[in-house]
Amino acid sequence: MSADQQPRFTPSQECLSPQQPQPLTDSQTATLDALRSHIHETVVKTETHRRWADDRCLIRYLRSKKWNLNESKQAVQESMLWRDSYGPNRPDKDALWIETAVGKLYVSGFDMESRPLLYMKPRLENTAASPSQIRHVVYHLEIALALMPEGVENLCIIIDFAGSSMTKNPGVAVAREIINVLGSHYPERLGKAYIIHAPWFFFPFFKLISPFIDPVTKAKINFIDMKKQKPKTNISTPSSAAASELELPNGGVLSSAASTASSKKSTSANKDTKDGTSADQVNLLDVIPEDMLEQEFGGASDYVYNQQVYWDAAAQVLADSRARLENGVGSTSATTAVVQEAA
C-alpha cells in the first residue's frame, strides 16, 4: 500500500487556529439560555442528546433561524429525532459500499482555517438516484465534522466538474433533498464551497435549485477559474506571526507557525453575482495549504483514493467521535485552541 492512499485526516503546519467567535449580545444570550433550558429540560432523553445539543450546536441553529426561538426549538428537536432514527454517524457498510467504490466523494485535507476539505467529483457518479446517494453525502459530512479541530465548526467543499456530463450530474430531486438535509440537520456547517470546471449545463441546473439554497449559504459559493490560478501569494507579517496549537478531536495537539492576519487575506475585493454567489477570483493556494490541495488543482497532495483504506480510516474517526459523544470522552465546550507568542 502506498502512503499516498492514506487520506489527509490531520491539519498541516500551515493551518491556522480558529478565531474566537464574536461574543453574543445580551439579547442573543437570553435567547440561547431559553433554548438550552427548553431542549435540555423537555426534549433531551439521554446524555448523548445533551452532549450533542451543546451551546455551539444550539447557536448554529439559532443563527440559521435568525435567532427565532420557536423556530429553533422545532429545528433542534427535529434534528435530534432525525439523528436517532437515521443514525448518520453509524454508516451501514453494505448499503454504502457501492457508493464509496470509486471516490466520487471523500474527505482529505484542511484549508487554511483548519476546515476539513470535502471533495466532490460528479464525473465518477456510478449509481442512479436513490436514498443511498443521500446517505453517502451524510456519511462524508459526519466524517468532516468528526475531524474538525476544537473551535472549528465549518467544512470546505471542492466540487470538480471536470469530465462530467449531464447524465453524471445529480438530478434536481436528489439535489433538493441534499440541500434540505444540509439546511435542516447541518445548519451553519458550510464555510466555503469552490466550484471548479463548471460546464455549461451546470448553470441552468444551479438556477433550478438556487431558490432552495439559503442566501447566506449561497454567498459562500465561489466559482473558480483554473486558468487564473497562481502560486501562493507571499503575504508575510513576521511581527504578527504566532505559534498556534490546534487541539485535534482525538486529544492531540498540532503546533504551527502562521500569521493571524493571513486568515483575513483576499486576492480581490468582495463582490456578489446576480445569483447571490461570490464573484471573487479566489486563488486556491491562498486559502488551502499546498500540501493539502490535490495536484490537479495546483497543490502538492498526491493522495489517491482507495476504498478500503479510506473506509477503515473513516471508521476509526467515526468510532472515536461516537465515543466522545456517547461517553463524554473529550471536550465539547468552547474553543480551547491556544495561541502563544513565537519565540
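All values reported here derive from a predicted model rather than from experimental measurement.

## With respect to the packing of helix 6 (residues 131-147) against helix 11 (residues 307-327)
Across the interface, helix 6 lies against helix 11 with an axial gap of 9 Å and an inter-helix angle of 60°. For the crossing formed where helix 6 meets helix 11, the hand is left-handed. Between helix 6 and helix 11, the residues in contact are Tyr-139, His-140, Glu-142, Ile-143, Ala-146 and Leu-147 and Tyr-310, Trp-311, Ala-314, Val-317, Leu-318, Ser-321 and Arg-324, respectively. For the contact of helix 6 with helix 11, the residue count by class is nine nonpolar, two polar and two charged.

## What to know about helix 7 (residues 172-185)
For helix 7, built from 14 residues, the straight-helix expectation of 20 Å at 1.5 Å per residue is met to within 8% by its first-to-last C-alpha distance of 20 Å. Listed in full, the buried residues belonging to helix 7 are Val-174, Ala-175, Ile-178, Ile-179, Val-181 and His-185. The secondary structure elements touched by the buried residues of helix 7 are helix 3 (55-64), helix 4 (69-86), helix 6 and helix 8 (202-209).

## Here we look at the sheet that holds strand 3 (residues 155-160)
Read from one edge to the other, the open sheet built from five strands follows the order 1-2-3-4-5, with strand pairing classed as mixed. Of all the strands in the sheet, just strand 1 (105-110) and strand 5 (221-224) have a single pairing partner and so form its edges. The sheet shows a mean angle of 25° between the axes of neighbouring strands, direction not considered. As paired elements, strand 1 and strand 2 (residues 116-120) share four bridges and run antiparallel to each other. By the bridge assignment for strand 2, Val-107 is matched with Leu-118.

## Thoughts on the pattern of salt bridges
For the structure shown, the criterion picks out 17 salt bridges. Its salt-bridge partner being Arg-56, residue Glu-150 comes within 3.6 Å of it at the nearest N-O pair. Of this pair, Glu-150 sits in the loop between helix 6 and strand 3 while Arg-56 sits in helix 3, and the two are 94 residues apart along the sequence. For Glu-150, a relative accessible area of 11% gives the class buried. A salt bridge links Glu-142 to Arg-83; the shortest N-O distance between them is 2.9 Å.

## Remarks on the confidence of the model for the protein
Predicted coordinates in regions of low pLDDT should not be interpreted in detail. Residues of the protein with pLDDT of at least 70 account for 82%, and the chain-wide mean is 84. Taken together, the stretch residues 256-270 has pLDDT below 50 and engages in 38 contacts with residues farther than four places along the chain or on a different chain.

## Examining the environment of Val-174
Mapping Val-174 onto the fold places it in helix 7. In this structure the C-alpha to C-alpha distance between Val-174 and Gln-133, which are 41 residues apart in sequence, comes to 7.9 Å. Among all residues touching Val-174, those that are not within four sequence positions of it are Ala-129, Gln-133 and Ile-134.

## Notes on helix 8
It helps to recall that an α-helix has 3.6 residues per turn; residues three or four apart then point in one direction. Of the residues making up helix 8, those classed as buried are Phe-202, Phe-205, Phe-206 and Ile-209. What you see down the axis of helix 8 is that its buried residues fit within an arc of 100°, all on one side. When the buried face of helix 8 is taken as reference, the exposed residues oriented beyond 90 degrees from it are Lys-207 and Leu-208. Looking at the buried residues of helix 8, the elements they touch are helix 7, strand 4 (190-196), helix 9 (215-218) and strand 5.

## What to know about the packing of aromatic side chains
Enumeration according to the criterion identifies 19 aromatic pairs in this entry. Aromatic side chains Trp-97 and Trp-311 sit 5.9 Å apart centroid to centroid with 75° between the ring planes, which places their arrangement in the edge-to-face category. A residue pair is termed long-range when its members are at least 10 positions apart, and Trp-97 in the loop between helix 5 (93-96) and strand 1 and Trp-311 in helix 11 qualify at 214 residues. Given a relative accessible area of 8%, Trp-311 falls into the buried group. Seen from their ring centres, Tyr-106 and Tyr-303 are 5.5 Å apart, and the 65° between their planes marks the pair as edge-to-face. A residue pair is termed long-range when its members are at least 10 positions apart, and Tyr-106 in strand 1 and Tyr-303 in the loop between helix 10 (284-287) and helix 11 qualify at 197 residues. Classification of Tyr-303 by relative accessible area gives buried; the value is 6%. Here the aromatic cluster, defined as three or more aromatic residues joined through ring pairs, consists of Phe-9, Tyr-106, Tyr-119, Phe-297, Tyr-303, Tyr-305 and Tyr-310.

The rules behind these values
Residues numbered from 1 in each chain as written. Predicted model: local features only at pLDDT ≥ 70, side-chain atom pairs only at ≥ 80, totals over all residues. Heavy atoms only, no water. Axes fitted to C-alpha atoms, helices over the stretch in contact; angles between N-to-C directions. Helix = DSSP H or I, 4+ residues; strand = E, 2+ residues; numbered from the N terminus. Left-handed = near helix turned anticlockwise from the far one by under 90°. Contact = heavy atoms within 4.5 Å. Nonpolar A, V, L, I, M, F, W, Y, C, P; charged D, E, K, R; others polar. Expected span 1.5 Å × (residues − 1). Buried < 20%, exposed > 50% of the residue type's maximum accessible area, 1.4 Å probe, protein only. Pairing = 2+ DSSP bridges. Salt bridge = Lys/Arg side-chain N within 4 Å of Asp/Glu carboxyl O. pLDDT = per-residue confidence, 0-100. Arc of directions from axis to C-beta. Phe/Tyr/Trp six-rings, centres within 6.5 Å; stacked < 30°, edge-to-face > 60°.

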